[in-house]
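# Structural characterization, general
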Amino acid sequence: MKVSEALDSRLSVRAFLPAPVPVATIRAILEGAKRSPSGGNLQPWHVHVVTGAALDEVKAIIKARLADSTAGEGTEYQIYPPNLTEPYRTRRFRVGEQLYEAIGIARDNKFGRLMQFARNFEFFGAPAALFFSIDRQMQPGQWADLGMFMQSVMLLAREHGLDTCAQEAWAIWHKTLGTHLKLPDTLMLFAGISLGYRDDGNPINHFRSERAPLEDFTTFLGD
Ligand SMILES: Cc1cc2nc3c(=O)[nH]c(=O)nc-3n(C[C@H](O)[C@H](O)[C@H](O)COP(=O)(O)O)c2cc1C
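So, here is what we can say about the structure in this document. None of these values were measured; they are calculated from a predicted model.

## A few points about helix H5 (residues 110–118)
All of the buried residues along H5 are Gly112, Arg113, Gln116 and Ala118. Next to the buried residues of H5 lie helix H3 (52–66) and helix H4 (88–102).

So this is what it looks like as structure tokens:
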């Protein structure tokens, strides 16, 4: 598979088949992703791979906690700026509206939307999950490195016929997950990635998010 094909075919998959992903495949993906660049070659990423009974355990723990609070434990970092300005505000709103429309959940169906959000905490049915954390001393540059590493994982997953969904939603359960995963105090949980085989029969996976045209985000100087 060409890099361009991996990029173009990657999307956030929110319905997976139950077929397991061999741990050997996950290891191969991470071995490949470790070639990602990082400023000063700090390689400031840490990954927890969770499959099988361990995955069921995480799901069960969070399911029990969700009954008390859908907002979780709050996040340690701000997922979005508090007063998102345009054009970002509209982009965020539009992708949400388009996603719910694709699966027939109306705007006033708050319960339906909440239930769909809660699917995050079932890893959308994926048989494998990766949790990404970073040393607390790290700065924006290293968070960017972690993002590049995660993109490498998602592209290599395509090469193996696998799909992914990056999930910041997991950050709202940072305390529970931190304890369960035995995350040392030095590490901060950033996000999860659900990993598995795409369920093509589910309309949620047929939604393709928009992108702004090149001219909107590029400045060419020179000839
Ligand atoms: C760091 C990161 C965190 C994300 N967190 C979530 C999440 O918690 N739940 C979710 O359903 N999608 C999540 N997404 C997916 C984005 O909504 C998605 O990437 C964006 O709408 C573009 O769509 P695409 O990935 O299908 O191209 C996340 C993506 C990234 C990169």
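## A few points about the environment of Thr90
Structurally, the position occupied by Thr90 is in helix H4. With a relative accessible area of 36%, Thr90 lands in the partly exposed category. For Thr90 and Gly222, which are 132 residues apart along the polypeptide, the C-alpha to C-alpha distance reads 32 Å.

## Looking at the site of the ligand
Around the ligand sit 15 residues in total, of which Ser12, Arg14, Glu168, Ala169 and Arg211 are the nearest. In the model, an oxygen atom of the ligand is placed 2.9 Å from a nitrogen or oxygen of the Arg10 side chain. Between a nitrogen atom of the ligand and a main-chain N or O atom of Glu168, the distance comes to 2.8 Å. Taken by itself the ligand offers 620 Å² of open surface, and the protein chains cover 72% of this. Residue contributions to the shell around the ligand peak at 3 residues, all from strand S3 (residues 163–167). Here the residues of the shell around the ligand are counted per class, giving 7 nonpolar, 4 polar and 4 charged.

## Description of the packing of aromatic side chains
The geometry of an aromatic ring pair is captured by two quantities: the separation of the ring centres and the angle between the planes. In this structure the tally under the stated criterion is 10 aromatic pairs. Summarising the aromatic geometry, the rings of Trp143 and Phe190 are spaced 5.4 Å apart at their centres and angled 75° between planes, so their arrangement reads as edge-to-face. A residue pair is termed long-range when its members are at least 10 positions apart, and Trp143 in helix H6 (residues 140–159) and Phe190 in strand S4 (residues 187–196) qualify at 47 residues. Trp143 gets classed as partly exposed once you look at its relative accessible area, which sits at 23%.

Criteria and cut-off values
- Residues numbered from 1 in each chain as written.
- Predicted model: local features only at pLDDT ≥ 70, side-chain atom pairs only at ≥ 80, totals over all residues.
- Heavy atoms only, no water.
- Buried < 20%, exposed > 50% of the residue type's maximum accessible area, 1.4 Å probe, protein only.
- Helix = DSSP H or I, 4+ residues; strand = E, 2+ residues; numbered from the N terminus.
- Contact = heavy atoms within 4.5 Å.
- Near = heavy atom within 4 Å.
- Polar contact = N/O pair within 3.5 Å; in protein donor to acceptor, adjacent residues only side chain to side chain.
- Areas by Shrake-Rupley, 256 points an atom, 1.4 Å probe, with all protein chains shown as cover.
- Nonpolar A, V, L, I, M, F, W, Y, C, P; charged D, E, K, R; others polar.
- Phe/Tyr/Trp six-rings, centres within 6.5 Å; stacked < 30°, edge-to-face > 60°.

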